[in-house]
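Residues per chain are reported as follows:
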Amino acid sequence: MGRCKCQIAKIEEHKYKKLLKESALDTLVDMTFENYRPQNEVQKKALEALSWQHRGYFLFGPVGTGKTHLMAASGLRAIAQNVQTSLVSVPKMLTLMRQSGREGASTDIEKLAIEISYLCLDDLGKEKSTDWTMERLFILIDERYMRHRAGHGHTSVTSNYTLDTLKNRMDVAIIDRIEGMCMPVFLDGESFRRHKL
């Protein structure tokens, strides 16, 4: 656990500091593969899939089934391998973009999110759907897809929605690119949060 904090501190010293400051990874250092306790076979398969290799994933399923935990674990593993990594929720990312620049303009946060080696986007589908948010999401995902095709990084995404459901909620071109760079991984079961009460 200490090594992860050290790696995060080291990474924050370079040009991604502004984006990493907003990353949830420094507060999720206990969310490792070793600490994930599957409740069923579906979750066991998800754990095996993510712990087997480093790549882009689309984790989907009901709330509380460990999507963010497994996403954080993949991010912490990447950091331990000196891969520049950030985990941020999609609504927060869009809020940061809006705050750091005028509508429609590319922002520093957006540029950093495009360029970072491993970007973990949490809770796709929770953002408010507007023309502006769909445009920003398309630009980000399109650029990430191009970098993926060139071998310059990975993107992982979590959502409570299936890819087919998301196609009905947002621009199909966004989802098509996610399908092109992310391996789908389903999680199911009761919420882990209920067991912590």
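Shown above is the structure to which this text applies.
Since this is a predicted model, take the numbers as computed values, not measurements.

Reading the values: the criteria
Residues numbered from 1 in each chain as written. Predicted model: local features only at pLDDT ≥ 70, side-chain atom pairs only at ≥ 80, totals over all residues. Heavy atoms only, no water. Helix = DSSP H or I, 4+ residues; strand = E, 2+ residues; numbered from the N terminus. Buried < 20%, exposed > 50% of the residue type's maximum accessible area, 1.4 Å probe, protein only. Lys, Arg positive; Asp, Glu negative; His and termini not counted. Salt bridge = Lys/Arg side-chain N within 4 Å of Asp/Glu carboxyl O. Polar contact = N/O pair within 3.5 Å; in protein donor to acceptor, adjacent residues only side chain to side chain. Contact = heavy atoms within 4.5 Å. Pairing = 2+ DSSP bridges. Arc of directions from axis to C-beta.

S.K.: Go over unusual backbone geometry, please, and point to the residues and values.
M.R.: Even without a glycine there, the phi angle at Asn82 is positive, about 60°. Residue placement: Asn82 occurs in the loop between helix H4 (67-80) and strand E2 (85-89). Residues other than glycine seldom take positive phi values, yet Asp123 does so here, at roughly 65°. Among the secondary structure elements, Asp123 is positioned in strand E3 (residues 118-124). Judged by relative accessible area, which is 25%, Asp123 ranks as partly exposed.

S.K.: Tell me about the side chain of Lys67, and name the residues and values.
M.R.: Within the secondary structure, Lys67 is located in helix H4. For the buried Lys67, no salt bridge is present, and the opposite-charge side chain at shortest range is Asp123, 6.1 Å distant. Polar side-chain contacts of Lys67 include one of 2.6 Å to the backbone oxygen of Pro62. Apart from the residues lying within four places of it in its own chain, the contact partners of Lys67 are Leu59, Phe60, Gly61, Pro62, Thr158, Ser159, Asn160 and Leu187.

S.K.: Help me get a handle on the pattern of salt bridges, residues and values and all.
M.R.: According to the stated counting rule, one finds six salt bridges in the structure shown. Ionic pairing is found between Glu179 and Lys167, a salt bridge with its closest N-O pair at 3.5 Å. Here Glu179, found in helix H9 (residues 172-181), pairs with Lys167, found in helix H8 (residues 163-169); they are 12 residues apart in sequence, far enough to count as distant. The partly exposed category is assigned to Glu179, whose relative accessible area is 35%. With a relative accessible area of 26%, Lys167 lands in the partly exposed category. Here the salt bridges do not stand alone but share partners, grouping Glu110, Glu135 and Arg136 into one network.

S.K.: Can you tell me about the pairing of E2, naming the residues and giving the values?
M.R.: Across the five residues that make up E2, a large majority, four, are buried. As paired elements, E2 and E3 share five bridges and run parallel to each other. Its bridge partner being in E3, Leu87 is matched across the sheet by Cys120.

S.K.: Go over helix H5 (residues 90-100), please, and point to the residues and values.
M.R.: All of the buried residues along H5 are Val90, Met93, Leu94, Leu96 and Met97. Burial along H5 is one-sided: seen end-on, the buried residues are contained in an arc of 160°. Where H5 begins, the side chain of Ser89 points an oxygen toward the backbone nitrogen of Lys92, at a separation of 3.1 Å.

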